[in-house]
Amino acid sequence: QLIMSLNSPNLLNEENAQEAKRNTECLESLLQTASLFQDNPLQQLQLASQEVLEKAKKSGRSKCPRCNSSRMFYCYTCFVPVETVPTTEIPTVKLPLKIDIIKHPNETDGKSTAVHAKLLAPDDVTIYKYPCIPEYGEKRHEIALVFPGPNSVSVKDIAFHLQKYTKKGVCASDDDCSREPLLKQAKIEPEEEKTSNECISSSRSEGTRLKKIIFIDSTWNQTNKIITDERLQGLLQIELKTRKTCFWRHQKGKPDTYLSTIEAIYYFLVDYHQEILKESYKGQYDNLLFFFSFMYTLIKDAKCCAGKE
């Protein structure tokens, strides 16, 4: 009798209707989530509480503790938070390597996102104003420059290509090398040459030979003067995976794959963590976008209220 009742047409129809309803609700939920993510692709970041920024926003502009200038959230010339944003309430991010940011002299300080990196990773980030930049020649075997170009390599190939660089100089190509690549020197017994992927993953220490990465902070129209500087010649150039910018000051006439400086730093580190350190990414560098994501939402909401969207 129980079996018959379970298989009765009325009960089956009711179960089918409930299943269909659940499927519809699930689909609507997924579509809603997808829509939300498209509206704010930064919302899935694992960020520290931004309550301190909410409070600062309500109290308005405040003084820089160093130069006394009136600023919102942070001083972009002294690279410190303003008085209404206690340093203790701002997250600190530890990076796996050092970062140099070379800033174009005509890049407006208040519009640059480079300062976010300095504020959030103060021990690992240095900002230079061009033409005052370091001489990188002696350390070309452990430094790379993030910049797209015909000779740029992907993040996953960094370790393989750095092996062509020696402490005494740089090999433009294998044929021009006065020395053999380090990989070949280190070969102890005859064996089949490793593939580039095996070289990269052979050991964590091999993958961390890169000690510093350089970013250029300027509009794309201004980069030529910096990228052609003789002090940057011969450095390994890195090209990032294609990603779309969320920057509200998008450069007119440029594709949406042109990232702001803080976005480029963040995405490079995520790729480096996964491709070179071979570790699963669990939001370790998300707080680099602590200010960026807050300002993104702030500006998006303001535009929405003004009916500009």
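If you're wondering where the values come from, they're calculated on a predicted model, not measured in any experiment.

What counts and how
- Residues numbered from 1 in each chain as written.
- Predicted model: local features only at pLDDT ≥ 70, side-chain atom pairs only at ≥ 80, totals over all residues.
- Heavy atoms only, no water.
- Helix = DSSP H or I, 4+ residues; strand = E, 2+ residues; numbered from the N terminus.
- Buried < 20%, exposed > 50% of the residue type's maximum accessible area, 1.4 Å probe, protein only.
- Areas by Shrake-Rupley, 256 points an atom, 1.4 Å probe, with all protein chains shown as cover.
- Core = buried A, V, L, I, M, F, W, Y, C linked by side-chain atoms within 4.5 Å.
- Domains from an automatic or database assignment.
- pLDDT = per-residue confidence, 0-100.
- Contact = heavy atoms within 4.5 Å.
- Pairing = 2+ DSSP bridges.
- Axes fitted to C-alpha atoms, helices over the stretch in contact; angles between N-to-C directions.

**Q** How would you explain the overall build of the chain if you had to name every residue and give the values?
**A** Looking only at helices and strands, the chain features 11 helices and 9 strands. In the chain, which comprises 309 residues, the proportion classed as buried is 41%. As displayed, the chain offers around 18,000 Å² of accessible surface, 49% of which is attributable to carbon and sulfur atoms.

**Q** So what about the nonpolar core? Which residues, and what values?
**A** Ranked by size, the top nonpolar core spans 59 residues in total, and within it Ile99, Ile213, Ile238, Phe268, Leu288 and Phe291 carry the most contacts. Sort the elements by how many residues they give to this core and helix α10 (residues 261-275) lands first, with 9 residues. Each of domain 1 (47-90) and domain 2 (91-164 + 208-308) contributes no fewer than three residues to this core. The next biggest cluster of nonpolar side chains, apart from the first, holds 13 residues, and it includes Ile102, Tyr130, Ile216 and Leu232.

**Q** Outline the confidence of the model for the chain, listing residues and values.
**A** Model confidence for the chain is summarised by a mean pLDDT of 78, while 67% of its residues fall at 70 or above. With pLDDT under 50 throughout, residues 1-8 is counted as low confidence; its partners more than four residues away or in other chains account for 4 contacts. The low-confidence segment residues 172-208 (pLDDT under 50) makes 39 contacts with residues lying over four places distant or belonging to another chain.

**Q** Kindly report on the sheet that holds strand β9 (residues 236-238), identifying the contributing residues and their values.
**A** With parallel pairing, 5 strands are arranged side by side in an open sheet as β6-β5-β8-β7-β9. Looking at the sheet topology across the chains shown, the edges are occupied by β6 (125-129) and β9. Taken over all neighbouring pairs, the strand axes of this sheet differ in orientation by 30 degrees on average, direction set aside. Two elements, strand β5 (residues 98-103) and β6, share 5 bridges in a ladder whose sense is parallel. Paired with Asp100 across the strands is Thr126, a residue of β6. Together, β5, β7 (143-146), β8 (212-217) and β9 form the strand contacts of α10, whose direction differs from that of β8 by roughly 155 degrees.

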